[in-house]
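# Examining the three-dimensional arrangement
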Amino acid sequence: MIEALQYEFIRNALLSAILASIACGIIGTYVVVKRIVFISGGIAHAAFGGIGLGYFLGINPVLGVIPFSIASALGIGLVSKKSKLPEDTTIGIFWSMGMALGVIFIGLTPGYAPDLFSYLFGNILTVPSSDIRLMLILDTIIIVVVSLLYKEFLALSFDEEFAKTSGIKVMTLYLVLLSLVAITVAMLVRIVGIILVIALLTIPAAIAKQYTDSLRKMMFLSILLGVMFTLCGLWFSYFFDMASGATIILFSGCAFGISSTYKSITKRLHNARM
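My aim in this report is to walk through the structure given alongside it, one point at a time. (Residues numbered from 1 in each chain as written. Predicted model: local features only at pLDDT ≥ 70, side-chain atom pairs only at ≥ 80, totals over all residues. Heavy atoms only, no water.)

## Here we look at the environment of Gly245
To keep things clear, this is the line we draw: Secondary structure elements follow DSSP: runs of H or I of four or more residues count as helices, runs of E of two or more count as strands, with numbering from the N terminus. Relative accessibility decides the category of a residue: with a 1.4 Å probe and only protein chains considered, values under 20% of the type maximum give buried, values over 50% give exposed, and everything between is partly exposed. Any two residues whose heavy atoms approach within 4.5 Å are treated as being in contact.
The topology assignment puts Gly245 in helix α13 (residues 244-273). For Gly245, a relative accessible area of 0% corresponds to the buried category. In this structure the C-alpha to C-alpha distance between Gly245 and Thr212, which are 33 residues apart in sequence, comes to 28 Å. If near-sequence neighbours (up to four positions away) are discounted, Gly245 is found in contact with Phe121, Gly122, Ile191, Val192 and Leu196.

## Considering the packing of helix α1 (residues 8-34) against helix α12 (residues 215-240)
We count it as follows: Note on geometry: axes are C-alpha line fits, over the in-contact stretch for helices, and angles between N-to-C directions span 0 to 180 degrees. Should the near helix be turned anticlockwise from the far one by less than a right angle, the crossing is termed left-handed; should it be turned clockwise, right-handed.
Two numbers describe how α1 lies on α12: the axes approach to 7 Å, and their chain directions differ by 145 degrees. In terms of crossing hand, the pair formed by α1 and α12 is right-handed.

## Some points on the nonpolar core
A general feature of soluble globular proteins is that nonpolar side chains tend to end up buried together. Filter applied, for reference: Among buried residues, those of type Ala, Val, Leu, Ile, Met, Phe, Trp, Tyr and Cys that are joined through side-chain atoms within 4.5 Å constitute a nonpolar core.
Judged by nonpolar contacts, the single largest core of 77 residues is most densely connected at Tyr30, Ile43, Ile51, Ile142, Val146 and Ile191. With 13 residues, helix α10 (residues 170-188) is the largest single contributor of residues to this core. When near neighbours in sequence (up to four residues on either side) are disregarded, Ile51 contacts Pro61, Val65, Leu116, Tyr119, Val189 and Ile194.

## Considering the pattern of salt bridges
Test applied: Between Lys or Arg on one side and Asp or Glu on the other, a salt bridge is scored when a side-chain nitrogen of the former is within 4 Å of a carboxyl oxygen of the latter.
Tallied over the entire structure, the rule returns three salt bridges. Lys34 is the salt-bridge partner of Glu160, the closest N and O atoms lying 2.6 Å from each other. In this pair, Glu160 sits in helix α9 (residues 160-165) while Lys34 sits in helix α1, placing the two residues 126 residues apart along the sequence. Judged by relative accessible area, Glu160 falls into the partly exposed class, the value being 23%.

## Focus on α10
Stated precisely, the cut-off is as follows: Here a helix's expected span is defined as the number of its residues, less one, multiplied by 1.5 Å.
With 19 residues, α10 should cover 27 Å at 1.5 Å per step; its first-to-last C-alpha distance of 27 Å lies within 8% of that length. Among the 19 residues of α10, 16 are classified as buried, and the element is accordingly described as predominantly covered.

## Things to note about the side chain of Ser69
Basically, it comes down to this: Two N or O atoms form a polar contact when they lie within 3.5 Å of each other; inside protein one atom must be a possible hydrogen donor and the other a possible acceptor, and for residues adjacent in sequence the pair counts only when both atoms belong to side chains.
Relative to the elements of secondary structure, Ser69 occurs in helix α4 (residues 61-82). Reaching out from Ser69, the side chain makes a polar contact with the backbone oxygen of Val65 at a distance of 2.7 Å. When near neighbours in sequence (up to four residues on either side) are disregarded, Ser69 contacts Ile43, Ala47 and Ala182.

And the structure:
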């Protein structure tokens, strides 16, 4: 792998893997603890409309994904909380509407969308330098917001009623969290694609949750696991000529299976000794 570093696309892939893992580790922890995985999946799939919009306007599709995914996140959050519709119904509506708009925009765009497959299933080897700079900006936004609102997010994640009685504007904070999820989705589009984004957002955090109850430690462990999974997946995909996004997710899924099995065995052994 060392000799491959002479190629710019490999260096970009490594940098994007690290930057994406930082976002996944931080926001994925909230997604798992707050149990909003399905909402995150809805935001990810609705973001396909932003890809179609980007193609239609002739701009970088990722730039279309950011505002579109944030708008979808705010829409899902507001409708699910303010209306009488069940949350899963709201998610399903935004999910299907976003995908449908993406298909329509792409259909209205003259010519052929050559990179569409990579946005659906990811291709970390095609991340350009411009996207690296954008990911760095988005990572900075996530870190700054979470640092400023860490205690509020902590209360929201573990005890929403306590957060309300403490004077925290729960609804506003919830929408901010969903917006951060949307930003993370935008970062992951190039890495694993819209179809697989929810896996990388949740698997590292789910594994980390098996080993610690501390939110801060969970974030750091999730970041480390995310880096390991993306780099190992990248290595396998490069040398065995496999789809990078799918390889990263399969590697992550196998790691989750091994971790869950290990924890189950150690728990049984511990109970047997009691």
